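Commentary on secondary and tertiary structure
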Amino acid sequence: MWKDYSKNYIKNNRASSISIMAAALVATMFLSLLCSIAYNFWAYDVEQIILEEGDWQGRIVCEALGSDDLSMVCQFANVEKAAFNEELSQKEKVVADVYFKNARTIYRDMPLIAAQLGLNKDSIHYNSLLLSRYFIHDPEDEAPPMLLALYTMILIIMAVSLILIIRGSFELSMNARIHQFGIFSSIGATPRQIKTCLLQEAMALSILPMLLGSIFGISISYGVIKAINFFASDVSGRHEAVFQYHPSIFAATVFISFLTVIFSAWIPARKLSRMTPLEA
């Protein structure tokens, strides 16, 4: 019954449906643009660090380190590879770069490696700046970088702002049907059934706009990266940014857009479903 009712309402109220679809499209486009730009800025920052400091994760600096010692380091379960750094190695010091399969345990593994080699903690070094971009921080650091928290806060603020904007479209559509739902309630429809009906309508109208909005956001972010390269082409010491995208960013964008639309529709739907037949 509810599916037939929803289909009939959507078919006969195109203006209201288009308004909701447009709101979902714009909201998803902004979220997609924000996520894509943030990811590209992060990827560019990582590339810049690697170009300037290298992609090493851990480093051993000591007076004597032989091939047998390096082989022993490679035998650690979490070590992917270890190699001498010929550029930095001098007669007095030997430098070896260490790479890990799971870098999140580097601050625990490097002291163990140093102890196995008979070295003190002063002999081990970390590429802290690169590790921090992967949100890996020294557990002993009392003030770790708040980059992830900043990204999350901006995303939450953006999502809440869009919820408040989109809610208006859903509220107008739902308030126009107060009389109808009052009749349904008087003949036995429960608040849960009414709310479910309104939410399924919201999702039916928003699925396609969310997918299109995600694609539009990606396209705009691609144009933004190209524009940045064009206007910053004369900046010295800057390497050209290459547009990058990852499937997980698309999944995150769609998921956040889904939550945004659901909450935007749930707020007026909850209010409407709680009205008594007499109030309606």
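What you are looking at is a predicted structure, and each value in this text was computed from that prediction instead of being measured. (Residues numbered from 1 in each chain as written. Predicted model: local features only at pLDDT ≥ 70, side-chain atom pairs only at ≥ 80, totals over all residues. Heavy atoms only, no water.)

1. A closer look at the pattern of salt bridges
In plain terms, the rule: By definition, a salt bridge exists where a carboxyl oxygen of Asp or Glu is found within 4 Å of a side-chain nitrogen of Lys or Arg. Only DSSP runs of H or I with at least four residues qualify as helices, and only runs of E with at least two residues qualify as strands; both kinds are numbered from the N terminus onward. With a 1.4 Å probe rolled over the protein chains alone, any residue whose accessible area is under 20% of its type maximum counts as buried; one over 50% counts as exposed, and the rest are partly exposed.
Counted by the stated rule, this structure contains two salt bridges. R133 serves as the salt-bridge partner of D45, at 2.4 Å between the closest nitrogen and oxygen. Taken together, the positions of D45 in helix α2 (residues 14–53) and R133 in helix α5 (residues 128–133) put the pair 88 residues apart, joining distant regions of the chain. For R133, a relative accessible area of 17% gives the class buried. Ionic pairing is found between D97 and R59, a salt bridge with its closest N-O pair at 2.7 Å. Here the residue D97 occupies a position in strand β3 (residues 94–100), and R59 occupies one in strand β1 (residues 58–62), the gap between them amounting to 38 residues.

2. Some thoughts on helix α4 (residues 106–116)
Given 3.6 residues to a turn, an α-helix orients residues that are three or four positions apart in the same direction. What counts is decided by this rule: Arc, as used here, means the arc of the directions from the helix axis to the C-beta atoms. In what follows, residue pairs with any heavy atoms lying within 4.5 Å of each other are defined as contacts.
Within α4, burial applies to I106, Y107, D109, M110, I113 and A114. Projected onto a plane normal to the axis of α4, the buried residues spread over an arc of 160° and lie on a single side. Seen from the buried face of α4, the exposed residues on the opposite side, beyond 90 degrees, are R108 and A115. Lining the buried residues of α4 we find β1, α3 (67–74), β2 (79–84), β3, β4 (124–126) and α5. With its phi angle positive at about 75°, G118 sits one or two positions after the end of α4.

3. Focus: unusual backbone geometry
Where the residue is not glycine, phi is negative for most of them; where a peptide bond is considered, it is trans in most cases. Despite not being glycine, F135 shows a phi value in the positive range, around 60°. With respect to the element layout, F135 can be found in the loop between α5 and α6 (147–175).

4. Describing the pairing of β3
Using the following cut-off: Only strands that DSSP links by at least two bridges are regarded as paired with each other.
Within β3, seven of the seven residues are buried, which leaves it mostly tucked inside the rest of the structure. The alternating pattern of β3 places V94, A96, V98 and F100 and V95, D97 and Y99 on opposite faces, both of which are buried. Sheet topology note: the β1/β3 ladder contains five bridges and is antiparallel. The residue bridging C62 from the neighbouring strand is V94, located in β3. Of the pairings in the sheet, the one linking β2 to β3 comprises five bridges and is antiparallel in character. Note on β3: the bridge partner recorded for A83 is D97.

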